[in-house]
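Residues per chain, in single letters:
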Amino acid sequence: VAVVGHATSVVSLAAAPLYQEAGIPLIGQATANDLSNYPDYFRTILANREIASIVAHYLRYDQNQGTISIVIGPTPYEQALATELEARFKEFGTVANIWTITDDRQGSVATIVSQLRTTENPGTIFLSLREESAHEFLLQVRRAGLTPTLFGAEQLGDQRFAESFANEPEEQQTPGYFTNGLYAVSPLLYDSVGGDTLSFARTYQQEYGIVPGWRAPKIWDAVMIAGTAAVDRHATNGTS
């Protein structure tokens, strides 16, 4: 009937033409812009171009930042989002630095941190990073005694990311040691919703013992969309 997924852009871009050829709709949570080229691809979160536009406007007009720097990871997702943000922010501000994390994660992060020490005005630093690279970056930046304002993409807007520091000694002594000062995009904020979404979160917590991040309700949205569309299609065809 339909496919719910996939969770990443790389897999979704590989799978989308196959589902398109088979006439199967795909409802996913990936952000790649090119997925919009497939008429049967739908998503329950925003695309990279939309995320970048929101972040750029927020940094410039809500945070009053005229200058930003960008840290880019090695994957296509990280590079695509960074490219979009650089283009959007340059419309009304300055991108002072672009730093790249390579496959040598620890070494390249150490180089960036060293450069950051001597950078006079990096502005807010946007982390166009997946969780693994962002985790290493925060470890090294905070342990170097640096406290720049950081902003992350949706992969960092999940409680799971904050919890990944739980076993670090600094975090155990001072909760929030690594993530304080980090802003993040999130497709869903529980503080600003009500009704069915909060009911879903409570049921999820009762069932699994943890508060869901943004991905679980967005997957549930996809399931409901697929189910509603299937019912409507049967009704249109005169079946039940």
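A short tour of the structure in this document, coming up.

**Let's talk about the overall build of the protein**
- A count of helical and extended segments in the protein gives 9 helices and 8 strands.
- With respect to the principal axes defined by its C-alpha atoms, the protein has extents near 70 × 40 × 35 Å.
- By the burial criterion, 42% of the 240 residues in the protein qualify as buried.
- Contacts spanning at least 24 positions in sequence make up 62% of the contacts within the protein whose residues lie at least 6 apart.
- Both charge centroids of the protein, one from 15 positive and one from 26 negative side chains, sit 2 Å from each other.

**Regarding a nonpolar patch on the surface**
- On the surface, Val4, Ile219, Trp220, Val223 and Met224 cluster together to form a nonpolar patch covering roughly 410 Å² of accessible area.
- According to the relative accessible area criterion, Val223 is partly exposed, its value standing at 38%.

**Focus on the pairing of strand 4 (residues 67-72)**
- Most of strand 4 sits out of view: 6 of its 6 residues are buried.
- Residues Thr67, Ser69 and Val71 point to one face of strand 4 and Ile68, Ile70 and Ile72 to the other, with burial holding for every one of them.
- Sheet analysis places strand 4 next to strand 5 (residues 94-100), joined by 6 bridges and oriented parallel. Counted as the bridge partner of Ser69 is Asn97 from strand 5.

**A few points about the side chain of Thr44**
- Counting through the fold element by element, Thr44 comes out in the loop between strand 3 (41-43) and helix 2 (48-62).
- Separated by 3.2 Å, the side chain of Thr44 and the backbone oxygen of Lys218 make a polar contact.
- If sequence neighbours within four positions are ignored, Thr44 has contacts with Ile27, Gly28, Gln29, Lys218, Asp221, Ala222 and Ile225.

**A look at the nonpolar core**
- Among the nonpolar cores identified, the biggest contains 23 residues, and Val71, Ile125, Leu127, Leu129, Phe137, Leu150 and Phe161 are the most heavily contacted of them.
- When residues of this core are traced back to their parent elements, those giving at least two are helix 4 (105-117), strand 6 (124-128) and helix 5 (131-143).
- A total of 5 residues in this core trace back to one element, the largest contributor, which is helix 5.
- Excluding its chain neighbours within four sequence positions, the residues that come into contact with Leu127 are Val71, Phe137, Leu150, Phe151, Gly152, Ala153, Leu156 and Leu182.
- If you look at the next biggest cluster of nonpolar residues, it comprises 19 residues, including Tyr77, Phe89, Ala153 and Val185.

Parameters and conventions
Residues numbered from 1 in each chain as written. Predicted model: local features only at pLDDT ≥ 70, side-chain atom pairs only at ≥ 80, totals over all residues. Heavy atoms only, no water. Helix = DSSP H or I, 4+ residues; strand = E, 2+ residues; numbered from the N terminus. Buried < 20%, exposed > 50% of the residue type's maximum accessible area, 1.4 Å probe, protein only. Contact = heavy atoms within 4.5 Å. Lys, Arg positive; Asp, Glu negative; His and termini not counted. Charge placed at Lys NZ, Arg CZ, Asp CG, Glu CD. Patch = residues over 30% accessible without salt bridge, like charges linked within 9 Å, V, L, I, M, F, W, Y side chains within 5 Å. Areas by Shrake-Rupley, 256 points an atom, 1.4 Å probe, with all protein chains shown as cover. Salt bridge = Lys/Arg side-chain N within 4 Å of Asp/Glu carboxyl O. Pairing = 2+ DSSP bridges. Polar contact = N/O pair within 3.5 Å; in protein donor to acceptor, adjacent residues only side chain to side chain. Core = buried A, V, L, I, M, F, W, Y, C linked by side-chain atoms within 4.5 Å.

These figures come from the coordinates and say nothing about function on their own.
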